[in-house]
Amino acid sequence: MSTSNTIVVKTKRFFEEVGDMTYFAIRFLKEVFTAPFEWKELIRQCYQMGNRSFLLVSVTGFILGLVFTLQSRPTLLEFGAASWMPSMVSISIVREIGPVIIALICAGRIGSGIGAELGSMKVTEQIDAMEVSGTNPFKYLVVTRILATTLMLPLLIIMGDAIALLGSAIVENLKGEVSYLLYFNKVFDALKFSDVIPATVKSFFFGFAIGLVGCYKGYNCSKGTVGVGEASNAAVVYTSMLLFVIDFIAVFLTDIFYEV
Amino acid sequence: MKKTASYKTRVGLFVIVGTLLLVAALFFIGNRQHIFSKNIKVYAIFQNVNGLQLGNNVRYSGINVGTVGKIEMVNEAKIVIQMMVDEKTGAFIKKDAIATIGSDGLVGSMVVNILPGKENLQPIVSGDTIPTYSKIGADDMLSTLNVASDNAALLTSDLLKITNKILTGEGALGMLITDSLVTQDIRVILTNLKQTTKGANQLIVSLDEKISKINIEKSAAGVLLSDTLVGNQVENIVSNLERSSLDISETTQQLEAMISEIHASESAFNYLTKDTILPKHIDSTMLEIKAASKKLNENMEALKHNFFFRSYFNKKERLEKKKAKTSKQYKQ
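Reading the values: rules and limits
Residues numbered from 1 in each chain as written. Chains lettered and ligands numbered in written order. Predicted model: local features only at pLDDT ≥ 70, side-chain atom pairs only at ≥ 80, totals over all residues. Helix = DSSP H or I, 4+ residues; strand = E, 2+ residues; numbered from the N terminus. Buried ≥ 20, exposed ≤ 12 C-beta atoms within 10 Å, placed from the backbone. Contact = placed C-beta atoms within 7 Å. UniProt positions renumbered as here; feature names shortened; annotations may be inferred. Pairing = 2+ DSSP bridges. Nonpolar A, V, L, I, M, F, W, Y, C, P; charged D, E, K, R; others polar. Axes fitted to C-alpha atoms, helices over the stretch in contact; angles between N-to-C directions. Parallel < 35°, antiparallel > 145°, perpendicular 65-115°, else oblique. Left-handed = near helix turned anticlockwise from the far one by under 90°. Expected span 1.5 Å × (residues − 1).

Before going further, it helps to examine the overall build of chain B. Within chain B, the secondary structure is distributed over ten helices and seven strands. Put simply, chain B has 332 residues, and 10% of those count as buried. Sequence separation of 24 or more characterises 56% of the internal contacts of chain B that already satisfy a separation of 6 or more.

Listed below in structure tokens is the structure:
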């Protein structure tokens, strides 16, 4: 009895949370197009989320390309299809692996950061103080962060993809004696607009989801210092789940629109 | 304030680099698909496009010159494909160039290969339809292979039967392989053959020596062998002989037929040749005739001296004398 009650309560809470988050998103969409615009804070957030994440994304991307190529090489060699390596790696990275892995990393770094930052501000009543002082905390704290993640994540993903391909090219150059020119020739031979455009479009949604969930969890944090940790943790968990849901929908739509 | 400016610069750089990367990637991809170059539309009609897709490459002499822009089915046996061919390369493609659909490697995607045409023709222009050539598809190859494998199965089963028979010693081939006596016989035959060949060789050598000793040019054989006139004559003789032998043979046949006819019939000749009593009768008759003719002679002599017939005989005698005299004069 108690178990079923718990399930019902949890399900109810989940739906409430989803509804609440939808309202939060609608409020963001309302606030983003209305003045005043917090440009300085937006740029600061872009710097924090974009530039400061670049090193992490670069290292991850480079290792991703390197490892992916090293792992695939023996199988492709077995089939005598080593020349297909650039095509395979580029399509895999640009279409799927690059955006998802980089978004997950950013969810860990940026999402948790936003959740913890806003959560601690909420716990220490800084947000309330901003409201009292006449500043719109939603506009200043939430809109700028969500906008920053939405704009910065696609750029991080593009750069991460490029670095991953460079890592793959280095392996191919060292192990397969394939020149960089030939490698990138083959990469652009294999890639199509239908690979790059959907991946870029979905990365905007990934960025939006990271910002939205992080801000929502931090903005609605209410259990003292424990709540801050929970908000930070929930932001990462929820964002990761949401990223896969968005990815599934994006792939589904791409398949419909680009189906020959 | 200083810090904000620094943020702006860094963020600006970051955004520009990221955007440039995206634009460059899109440009390179677009360039590969000939999106930014001037294209001409060339059409080709196929019965089967073998899985060709929009955006597949179009190759001319092994160079990617464009992409497939449209695939449209006009009716059940006619599929029109539109190829977007680079204008610069299009100048080298002649109107009689042939389009075929092939595979890019063993597991690669499909490509349209344009085979060069004759040099003296006009180059293609936008809207032209070039002739096509359909290669044998994988399905056709597989169906042919299927028939071939069926035949191979039948063939192997027959071969199996034959080998079984051979192994059990049935038939001439089986006996040849399994029977040891036959092997011995063959060995003996081969030995004999070897000896015979050896003897024949010796014979040939000795004949050669003898022939070389003969003065071919001056001998009858030499004349026969070298003189063409003699050859012609010999040929004539032989042909005449042949004809004569044919005539003789014919005559013999006729004679045989006649003799057999004589034997078979009841003719006087048959009677004369076969009857043994008849010669006796003839003998006696001949004796009688002889006596009768003697008597007739006597009678004729008496008749000569007869009064009635004397003048006739005298006249006859005179005429004979006269004839003898004339012939004598003629001879002189």
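The subject of this paragraph is the overall build of chain A. Check the secondary structure of chain A and you find eight helices and zero strands. Put simply, chain A runs from its N terminus to its C terminus through helices and strands in the order α-α-α-α-α-α-α-α. When contacts within chain A are restricted to residue pairs at least 6 apart in sequence, long-range pairs at least 24 apart make up 86% of them.

With that settled, the discussion passes to the UniProt feature "transmembrane region" (unreviewed entry) in chain A. In the numbering adopted here, UniProt assigns the feature "transmembrane region" (unreviewed entry) to residues 54–72, 84–107, 146–171, 196–216 and 236–258 of chain A. Regarding residues 236–258 of chain A, the helix share stands at 96% and the strand share at 0%, and the terminal C-alpha atoms are separated by 32 Å.

With that settled, consider the sheet that holds strand 3 (residues 63–75) of chain B. Residues and elements named next belong to chain B. Here seven strands make up an open sheet; going across it, the order is 5-6-2-3-4-1-7 and the pairing mixed. The sheet is open, and its two borders are formed by strand 5 (98–103) and strand 7 (129–130), each paired with just one other strand. Sheet analysis places strand 1 (residues 39–46) next to strand 7, joined by two bridges and oriented parallel. Of the residues in strand 7, the one forming a bridge with alanine 44 is isoleucine 130.

As annotated by UniProt and renumbered to match this structure, "transmembrane region" (unreviewed entry) occupies residues 12–30 of chain B. Along residues 12–30 of chain B, the helical share is 100% and the strand share 0%, with 26 Å between the first and last C-alpha atoms.

Moving on: the interface of chain B and chain A. Listed as interface residues are 19 residues of chain B and, on the opposing side, 20 residues of chain A. Classifying every residue of the side of chain B that touches chain A gives twelve nonpolar, four polar and three charged.

It is worth spelling out the packing of helix 5 (residues 137–175) of chain A against helix 6 (residues 180–190) of chain A at this point. All names here are of chain A. Remark: helix 5 packs on helix 6, axes separated minimally by 10 Å, with the N-to-C direction vectors making an angle of 130 degrees. Classed by the angle they form, the pair helix 5 and helix 6 counts as oblique. In the crossing of helix 5 with helix 6, the sense of the turn from one axis to the other is right-handed. For the pair helix 5 and helix 6, the contacting residues are Leu165, Ala169, Glu172 and Asn173 in the first and Tyr180, Tyr183, Phe184 and Val187 in the second. Residue composition of the contact of helix 5 with helix 6, by class: six nonpolar, one polar and one charged.

For the rest of this paragraph, the subject is helix 9 (residues 278–304) of chain B. Compared with an ideal rise of 1.5 Å per residue, which puts 27 residues at 39 Å, helix 9 of chain B spans 37 Å between its outermost C-alpha atoms and is within 8% of the ideal. Across the 27 residues that make up helix 9 of chain B, only a small minority, zero, are buried.

Right, let's get into the environment of Thr178(B). Within the secondary structure, Thr178(B) is located in helix 4 (residues 171–178). Taking C-alpha positions, Thr178(B) is 7.8 Å from Thr168(B), a pair spaced ten residues apart along the chain.

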